[in-house]
Amino acid sequence: MAKASARHILVDSEQKCAELKDQIENGSDFAEVAREHSSCPSGRKGGDLGTFGPGQMVREFDEVVFSAPLNEVQGPVKTQFGYHLLEVTERG
């Protein structure tokens, strides 16, 4: 079964999500931005979600995590929880 490791940042608006993505693409550290801005408890760990398989996260999340290139920030991705930036760090 496929497994992936990822980290994410969760915020409540698409605009905020896009602003944070710009910051990261312009050199800000993903983990630091997650600690400062993410409303998910994983933010304290730099957004790290650990390793998980298909179906363990919401559908919109899974679709990105199991198809996006590794180590590239994806998003904004809208789910029932808000807007996410995702970075897949490993997949196998």
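Just so we're clear, the structure is a prediction, and the values are computed from it rather than from any experiment.

## Thoughts on the environment of Glu25
So, step 1. Inspection of the secondary structure assignment puts Glu25 in helix H1 (residues 14–25).
So, step 2. Once the C-alpha coordinates of Glu25 and Thr79 are considered, the two residues, 54 residues apart in sequence, prove to be 22 Å apart.

## Focus: the pairing of strand S4 (residues 82–91)
So, step 1. The element S4 is largely enclosed, with a buried count of 7 among its 10 residues.
So, step 2. Across 8 bridges, the pairing between strand S1 (residues 4–11) and S4 is antiparallel. By the bridge assignment for S4, Ile9 is matched with Leu85.
So, step 3. Bridge analysis of strand S3 (residues 73–79) against S4 gives 5 bridges, and the strand direction is antiparallel. The residue bridging Val77 from the neighbouring strand is His84, located in S4.

## Describing the UniProt feature "domain: PpiC" (unreviewed entry) in the protein
So, step 1. Here, UniProt's "domain: PpiC" (unreviewed entry) annotation points to residues 1–90.
So, step 2. Helix makes up 30% of residues 1–90 and strand 32%, and the two end C-alpha atoms of the span are 14 Å apart.

Here is what the cut-offs are and how they apply
- Within any chain, residue numbers begin from 1 and follow the written order of that chain's sequence.
- Local features in this predicted model are restricted to residues of pLDDT 70 or higher, and side-chain atom pairs are both shown and tallied only at a pLDDT of 80 or more, whereas totals for entire chains, interfaces and linings draw on every residue.
- Calculated side-chain values reflect all of the structure's heavy atoms, with hydrogen atoms and water omitted.
- Each helix is a run of H or I in the DSSP string that is no shorter than four residues. Each strand is a run of E no shorter than two, and both are numbered from the N terminus.
- Under the scheme applied here, a residue whose accessible area is under 20% of the maximum for its type counts as buried, over 50% as exposed, and between as partly exposed, the area being computed with a 1.4 Å probe on protein chains only.
- DSSP calls a pair of strands paired once it identifies at least 2 bridges connecting them.
- UniProt positions are given in the numbering used here, feature names are shortened, and annotations may be inferred rather than shown by experiment.

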